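For reference, the chains in residue letters:
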Amino acid sequence: MHERFSDVWICKDLGRTTTEADPAELGRTLLAAYLAGRDSRGETFRVVVRASNGNQTVATPDHLTGGWKADPAIRQALPAYLRDTLA
């Protein structure tokens, strides 16, 4: 989707899941899976996770540094096409 005010292209894809996972950890895992094997130079990515209680968490590539590893339980909850990128 093109955001005309800032003149940038936005990839917007909504998904829903029911999980007991920490929203911040879920966001980091989703972002890591999406970016795995993808050339993202010059682009900015973020994941917004909205919990049923109204809270929201934002994950950016900066949150994936410092030895962060995807939780295997959360990885298993991802759709197969994302889960396979983290294998």
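This text goes with the structure placed above it.
On a predicted model such as this, the values are computed, not experimentally measured, just so you know.

(A) Expanded view of the pattern of salt bridges. By the definition in use, this model includes one salt bridge. Where Arg28 meets Glu25, a salt bridge forms, and the shortest distance between an N and an O atom there is 2.7 Å. A residue pair is termed a helical-turn pair when its members lie 3 or 4 positions apart in one helix, as Arg28 and Glu25 do in helix H1 (residues 23–35) at three residues.

(B) Seen up close, the nonpolar core. Of all hydrophobic cores here, the largest spans eight residues; its members are Leu26, Leu31, Leu35, Phe45, Val47, Val49, Ala59 and Ile74. By residue number, the principal contributor to this core is H1, which donates three residues. Leave out the neighbours within four places in its chain, and Phe45 touches Leu31, Tyr34, Leu35, Ser40, Ala59, Thr60 and Pro61.

(C) Up close: the side chain of Glu25. Take Glu25: its relative accessible area is 14%, and that puts it in the buried class. Of note is the side chain of Glu25, whose polar atom sits 2.7 Å from the side chain of Arg28.

(D) Fine view of the side chain of Thr29. Note on placement: Thr29 falls in helix H1. The residues touching Thr29, leaving out its near neighbours within four places in the chain, are Trp68, Ala70, Asp71, Ile74, Arg75, Leu78 and Leu86.

Calculation notes
Residues numbered from 1 in each chain as written. Predicted model: local features only at pLDDT ≥ 70, side-chain atom pairs only at ≥ 80, totals over all residues. Heavy atoms only, no water. Salt bridge = Lys/Arg side-chain N within 4 Å of Asp/Glu carboxyl O. Helix = DSSP H or I, 4+ residues; strand = E, 2+ residues; numbered from the N terminus. Core = buried A, V, L, I, M, F, W, Y, C linked by side-chain atoms within 4.5 Å. Buried < 20%, exposed > 50% of the residue type's maximum accessible area, 1.4 Å probe, protein only. Contact = heavy atoms within 4.5 Å. Polar contact = N/O pair within 3.5 Å; in protein donor to acceptor, adjacent residues only side chain to side chain.

These results come straight from atomic positions and should not be treated as a statement about function.
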